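# Secondary and tertiary structure notes
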Amino acid sequence: MKRILTVICVMSVAGAAFAEGENVNIAPPAEASVSRADGLGAWTRIYDVTSHPRCSNCHVGANNIPMWSGPSYGNARPHGMNINAGDSRIGAEYTQCSTCHAFREDVNDVPHAAPQVAMNWQLAPVEAEWFGKTSDEICNQLRDPERNGGRNFNDIANHLDHDLILHWAWNPGEGREPAPYSLQEHVNDILAWGVAGYPCANDE
C-alpha cells in the first residue's frame, strides 16, 4: 500500500489536469475530492465491468484456457475446440488466437463470428486472472502494482484508452452483450477510485 500512496502523492500535483486520449477524455478528479464511499461506489461499477464475460472470459489463470460464458452460452465452460493460449498467452505453442480472432479494422457485423479487432488477440497476463473471482479479490489485485503491470490509476485509464481489445468489450458485434456502462464511464470510475485511494470493501 505504501507504493500506491506514494503514487497518489506524486499524481496529486497533476490530479486535476486534463488529458484528451484517442478514444476517451482522461480527467482525474482533484486530489481529495472523492470520498471513500464514492470510491467504493466507483469500484462497484468497475467490478460490474471486470466480472462481465466480455472482460473476464480472457482474464484467466495459469491453465491458459479462455472461457465461454454469458447470455449466449448458458453455463460457463472452457473455450471450444480445445483452445489453449499457452504460456505465450497468444497460442504460439498450439493454435494462435489470431487464427480465428483475425485483425480487422471494422466491427463485427455477422452474428456468432469470431471476435475481430485491429490488433492481435491475446489473453490478459496470468497476474490479471479475474474469471470467477470475487469483488474483493479483483479489487486487491487491480490496485497491486506487482499484479497490475506497475500501473497507477492514470496508467490504467490510458491502458483502457489505447488497447483496442478492451474497446471491443463495449462494441463486441452482432449477437453479443456488451460490457456495462460505457468506456468513458469506466475510465471515469477508474480515475475516481484511484483518487479516493483505491478503496476495497475488505479494508475495514
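Above this text sits the structure in question.
Here's what I pulled together on the structure shown here. Fair warning: this is a prediction, and the values are worked out from it, not measured in the lab.

## Description of the pattern of salt bridges
Using the criterion set out here, one finds four salt bridges in the structure. Across the pair Arg45 and Asp189 runs a salt bridge whose closest N-O atoms are separated by 2.8 Å. With Arg45 in helix H2 (residues 36–50) and Asp189 in helix H7 (residues 183–195), this pair connects stretches of sequence that are 144 residues apart. Here Arg45 falls in the partly exposed class, since its relative accessible area comes to 32%.

## Topic: the state of the cysteines
One way to say it: the disulfide is the covalent bond shared by the sulfur atoms of two cysteines. A complete count under the given rule lists one disulfide for this structure. A sulfur-sulfur separation of 2.0 Å characterises the disulfide bridge that pairs Cys139 with Cys200. Classification of the bridge connecting Cys139 and Cys200 rests on its S-S torsion, roughly -95°, and on that basis the disulfide is left-handed. Taken as a pair, Cys139 in helix H4 (residues 135–142) and Cys200 in the segment after H7 lie far apart in primary sequence, 61 residues in all. Neither Cys139 nor Cys200 differs from the other in exposure class; each is buried.

Basis of the calculations
- Residues numbered from 1 in each chain as written.
- Predicted model: local features only at pLDDT ≥ 70, side-chain atom pairs only at ≥ 80, totals over all residues.
- Heavy atoms only, no water.
- Salt bridge = Lys/Arg side-chain N within 4 Å of Asp/Glu carboxyl O.
- Helix = DSSP H or I, 4+ residues; strand = E, 2+ residues; numbered from the N terminus.
- Buried < 20%, exposed > 50% of the residue type's maximum accessible area, 1.4 Å probe, protein only.
- Disulfide = S-S within 2.5 Å.

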